[in-house]
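Architecture and fold: a report
Residue-level listing of the chains:
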Amino acid sequence: MKFAEEYAKTLKAGDVVLLDGGMGAGKTVFAKGVARGLGITDEILSPTYAYMNDYYGKLYHYDCYRLESGAGAEALGLTDYFYGGGVCLIEWAQNIADVLPENCRRVAIVKVSEEEDRVLSAALLQGREQCKNFWRWILPRRTSRCWHAEKRRRSGLLKTAL
């Protein structure tokens, strides 16, 4: 969570951050750290059934697991917040990839064990196509914890790694 608090200091209003990780990997825990870093003291809960939780217009925390496409996000009005005055954290963003803004940041989280999560990378993705291509590349290799982070680091896609 300390990394997430520090990462929050790099964010500005209007930033959209895609949180990538499997079920139970720690995406909501990461969101709690970002919230703390943004000065939000409320309890941060998973928006699984609400789709999006709004924390005073400073942070919008999405869970798109149950959405099948960007059209669903648009119908619910979720895409309107991408251009608001807060930071958007989106879990399961691959489900709405067709409506994501052009410039998104991405944080990959992998569950190492029951006691430990790892934030493998925080990268800036330029455009929807790069986001879609990244998910096509990373999802089949999700079971391999570290080799894909090392490959991205060498290829220049990786901005920060722990």
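See the structure shown above.
Let me sum up the structure you'll find in this document. Keep in mind that what you see is a predicted model, and the values were worked out from it rather than measured.

This part covers the pairing of strand β1 (residues 16-20). Counting buried positions along β1 yields five of five residues, so the element is predominantly enclosed. The alternating pattern of β1 places V16, L18 and D20 on one face and V17 and L19 on the opposite face, and all of these are buried. Across four bridges, the pairing between β1 and strand β4 (residues 87-91) is parallel. Bridge pairing links L19 to E91 in β4.

Right, let's get into the side chain of D15. With respect to the secondary-structure elements, D15 resides in the loop between α1 (2-8) and β1. Polar side-chain contacts of D15 include one of 2.8 Å to the backbone nitrogen of K12. Those residues in contact with D15 that lie beyond four places of it in its chain are T10, G86, V87, C88 and R105.

What follows deals with the layout of surface pockets. Computed from the structure, the largest pocket encloses a volume of approximately 190 Å³. Residue lining of the largest pocket: 13 residues in total, with M23, G24, K27, T28 and E91 positioned closest to the centre. Sort the elements by how many residues they give to the lining of the largest pocket and helix α2 (residues 27-37) lands first, with three residues. Residues belonging to the lining of the largest pocket are distributed by class as follows: five nonpolar, five polar and three charged.

Among all positions in α2, only K27, T28, F30, A31, G33, V34 and A35 are buried. Downstream of α2 by a residue or two, G39 has a phi angle that is positive, lying close to 85°.

What counts and how
- Residues numbered from 1 in each chain as written.
- Predicted model: local features only at pLDDT ≥ 70, side-chain atom pairs only at ≥ 80, totals over all residues.
- Heavy atoms only, no water.
- Buried < 20%, exposed > 50% of the residue type's maximum accessible area, 1.4 Å probe, protein only.
- Helix = DSSP H or I, 4+ residues; strand = E, 2+ residues; numbered from the N terminus.
- Pairing = 2+ DSSP bridges.
- Polar contact = N/O pair within 3.5 Å; in protein donor to acceptor, adjacent residues only side chain to side chain.
- Contact = heavy atoms within 4.5 Å.
- 1 Å grid on protein atoms, 1.4 Å probe; cavity = no way out; pocket = protein on both sides within 12 Å on 5 of 7 lines; lining within 4 Å.
- Points joined across faces, edges and corners; volume = space filled by probe spheres on them.
- Nonpolar A, V, L, I, M, F, W, Y, C, P; charged D, E, K, R; others polar.

By themselves, these observations are geometric and do not establish any function.
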